[in-house]
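# Notes for the structure review
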Amino acid sequence: MKKRGSAYILMTVPALLLFFAFHTFPTLQGIFYSFTNWKGYGDFDFVGLKNYINVFKDDRVVDSYLFTFKFAIISTLLVNLFSMLIALGLNANIRFKNTLRAVYFLPNILSGLIVAFIFNYIFANFLPEMAEKFGINSLATNILGNPDLAWVGIVIVAVWQAVAFNTILYLAGLQTIPSELYEASSLDGAGKWKTFWHVTFPLIAPFFTINMVLAMKGFLMVFDQIVAMTGGGPGQSTESISFLIYKGGFEGGEFAYQSANAVVYFVIIVAISVVQIRFLQRREVDL
Amino acid sequence: MNKKMKVFSGAILASLTAASLAACSGGDSGKTELEFFSTKGENNKTYQKLISEFEKKNPKIDVKLVQPPDAGTVMKTRLTKNDIPDVMAIGGDSLYGELARAGVLKDVKGSDLIKDVQPSYLDMTAKLVGVEKNGVYGVPYAANANAVIYNKDKFKELGVEVPKTWDEFIAIAEEAKAHGETGFYFTLKDAWTGMVSWNSLGAALQGEDFAEKRSKGKASFTKNYDEAADKFQTLLKYGHKDNFGKTYNDGNTAFAQGKSVMYLQGVWAIPEIVKANPDINLGIFPMPVTNNPEENKLVSGVDVMLAIDEESDHQKEAEKFIQFLLEKENVQTYVDEQSAFSAIKDVYQEDPKLEGIKENFEKGTITSFPDHYYPQGMNAANILQEFLIGKKTNKEEFLKKMDKEWDKVEERK
């Protein structure tokens, strides 16, 4: 027994050390700097809670929170809807099942930046040209240049790419459901919709939970797409929180101030994830 | 997504570590490796040419050119890690001021390096550093200018001449519009491109020492920039139909293909335009912002400053390299290939394309970029972009927002 214990420790310690060095330590550093006026270089003094007070007074920060939450909630819902539909389709008895699965997974292995650059081109050139040909005037300009529509462009790209990964998780979930249950429900005369609602969905609920949490957390940290597609613009209409932290912290030379913003944001994300897990786990059932 | 973020930041981390490791290695082969970091990407080929010549003359020194995209930000992330390149070529803007005040750059006051530099550029860059530090932390090398780039053939077709006043300038745009042409090709999806015209307008209209007075509360955007904001809106009337959907690169190509009569950019865009269409017949002139030709000056700034890391282990080699770049023939090569103006005495820009602003340099009717003196964190370009789109803020709200952001950044210091 004792020997076994030391083997487990040997297995965990390296991971723990790496995690501490690359994850926990920088977090602690960030918290430390959020109480200073460090620019990212040079000397600094402690300023107490000044940065935190300023974060709450800064409407640019407030706007970025509003944008990020709007974006994250809508994208999370869309991603889960589409990936569940695709997973159901791919789990059914269809031809070329494996090829199709590979195709639907493809967006996941492409880099977020590259996907965004490709869509950037589509929005800037391809779509306006198409719209002009068909006489749809409202779409004849680049939607990324329109402050009311730019976020839609980002949602499209983010959802398109994220669906791939969540589909795989749902597929894995669907394959854990034993076929006897479906046989039983069809013997009982349940239709497709009833089967889904009373058999399939409760049984993949744990996957639904994890997908909702992962998607939400991922979208709250949206960064790559924004850098590549709008740079936070037009105006400041698509400035997500991570992007603001990066841009203000490095380009604007306000490292300590944005560290305070990051600490606030960290607390919020933890809170949301905990609430989400608690709430969604209640609806899960075990076989 | 989160995984992606990690891969993304991991890649940055890896490349930074690689760069820093590369900077420390070198000694083993008897060669000194000198890292040369440039915040500007357009001049890559010119630097490579000059570097290979330098390496031929100094076989013991190996110069490694680093020109990452978004270099200003990369520079700052590297500062955070105290990993500073031996030699830096940075713009004469607020980044230089920050670095100089942070004590990162070597003071070259009184050294041979600055003896041939035109004094006006030394003054201009000293202002960026401020009064707290009394030194010279970089060698002004090349200057740029904001200008109106125009298509000479189209001017001929329209039967118009280079304008000297604002009214003449707008009349040309009006004439172009009447003939179904685009007056200005705006590229406002890239927020910074709006700052080019903003700087031209502001420099002539904001009044003397705006930044200094603004910090003391004696001037404000609301009071001093009213006319500039109005005039920008006037310019916008002569754009194309997707002013906010096109980028800087789109604009260079579009202007090169003759899609507009004029293009509000800086001289740095000219090599890119010529690359897209070598046959284009273009000229430039300073934007006439007022109706008094005497008041219309050219907005010019230091585009490249050469600076040395205060703590570099290769001080001698670094100085030698800068000394080499400052040799007259090399400065000439640089300004010829980059459509730049020389900050070094007795080297001139002879390109006929740039004829239109040569006089300003000779007579000294030059003024500096207003936004180089704005506080860095205020994000002026995006606030301006928002105003120009005109959906969220009107003129009064926009000017107020500029004032507010300025104050916020100052307060957070």
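Computed from a predicted model, the values in this text were never measured in an experiment. (Residues numbered from 1 in each chain as written. Chains lettered and ligands numbered in written order. Predicted model: local features only at pLDDT ≥ 70, side-chain atom pairs only at ≥ 80, totals over all residues.)

## Observations regarding the overall build of chain B
Counting its regular elements, chain B contains 18 helices and nine strands. The C-alpha atoms of chain B give a radius of gyration of 22 Å, which matches the 22 Å a tight globule of 413 residues would have. Judged by the C-alpha coordinates and their principal axes, chain B covers about 70 × 50 × 50 Å. Taking all 413 residues of chain B together, 48% fall into the buried category. (Helix = DSSP H or I, 4+ residues; strand = E, 2+ residues; numbered from the N terminus. Rg over C-alpha atoms; globule rule 2.2 N^0.38 Å. Buried ≥ 20, exposed ≤ 12 C-beta atoms within 10 Å, placed from the backbone.)

## Details of helix 4 (residues 94–101) of chain B
Residues and elements named next belong to chain B. Most of helix 4 is tucked away: six of the eight residues are buried. Those residues of helix 4 that sit buried are L95, Y96, G97, E98, L99 and A100. Positive backbone phi, at 75°, marks G103, one or two positions downstream of helix 4.

## A few points about the packing of helix 8 (residues 192–205) of chain B against helix 17 (residues 380–389) of chain B
A pair of packed helices is characterised by two quantities: the angle between their axes and the separation of those axes. Residue and element names in this part refer to chain B. Packing of helix 8 against helix 17 brings their axes to within 8 Å, and their N-to-C directions diverge by 85°. Taken together, the axis directions place helix 8 and helix 17 in an arrangement best described as roughly perpendicular. Facing W192, G194, M195 and W198 of helix 8, the residues of helix 17 in contact are A380, A381, L384, Q385 and L388. In terms of residue class, the contact of helix 8 with helix 17 is made up of seven nonpolar, two polar and no charged. (Axes fitted to C-alpha atoms, helices over the stretch in contact; angles between N-to-C directions. Parallel < 35°, antiparallel > 145°, perpendicular 65-115°, else oblique. Contact = placed C-beta atoms within 7 Å. Nonpolar A, V, L, I, M, F, W, Y, C, P; charged D, E, K, R; others polar.)

## Focus on the UniProt feature "domain: ABC transmembrane type-1" (unreviewed entry) in chain A
According to UniProt, the feature "domain: ABC transmembrane type-1" (unreviewed entry) maps to residues 65–276 of chain A in the numbering used here. When the span residues 65–276 of chain A is considered, its composition is 77% helix and 0% strand, and the gap between its end C-alpha atoms is 18 Å. (UniProt positions renumbered as here; feature names shortened; annotations may be inferred.)

## Quick notes on the domain arrangement of chain B
All names here are of chain B. When cut into domains, chain B gives domain 1 (22–143 + 301–357) and domain 2 (145–299 + 369–412). Between the C-alpha centres of domain 1 and domain 2 there is a distance of 28 Å. At the junction of the two partners, domain 1 supplies 15 residues and domain 2 supplies 16 residues. Broken down by element, the residue count for the side of domain 1 that touches domain 2 peaks at three residues, all from helix 16 (residues 355–363). Counted by class, the side of domain 1 that touches domain 2 contains five nonpolar, five polar and five charged residues. (Domains from an automatic or database assignment.)

## Here's the deal with the interface of chain B and chain A
At the junction of the two partners, chain B supplies 33 residues and chain A supplies 38 residues. Broken down by secondary-structure element, the contributors of at least two residues to the side of chain B that touches chain A are helix 1 (2–24), helix 3 (71–80), helix 17 and helix 18 (395–412) of chain B. The element best represented in the side of chain B that touches chain A is helix 3 of chain B, accounting for six residues. Looking at the side of chain B that touches chain A residue by residue, the classes come out as nine nonpolar, twelve polar and twelve charged.

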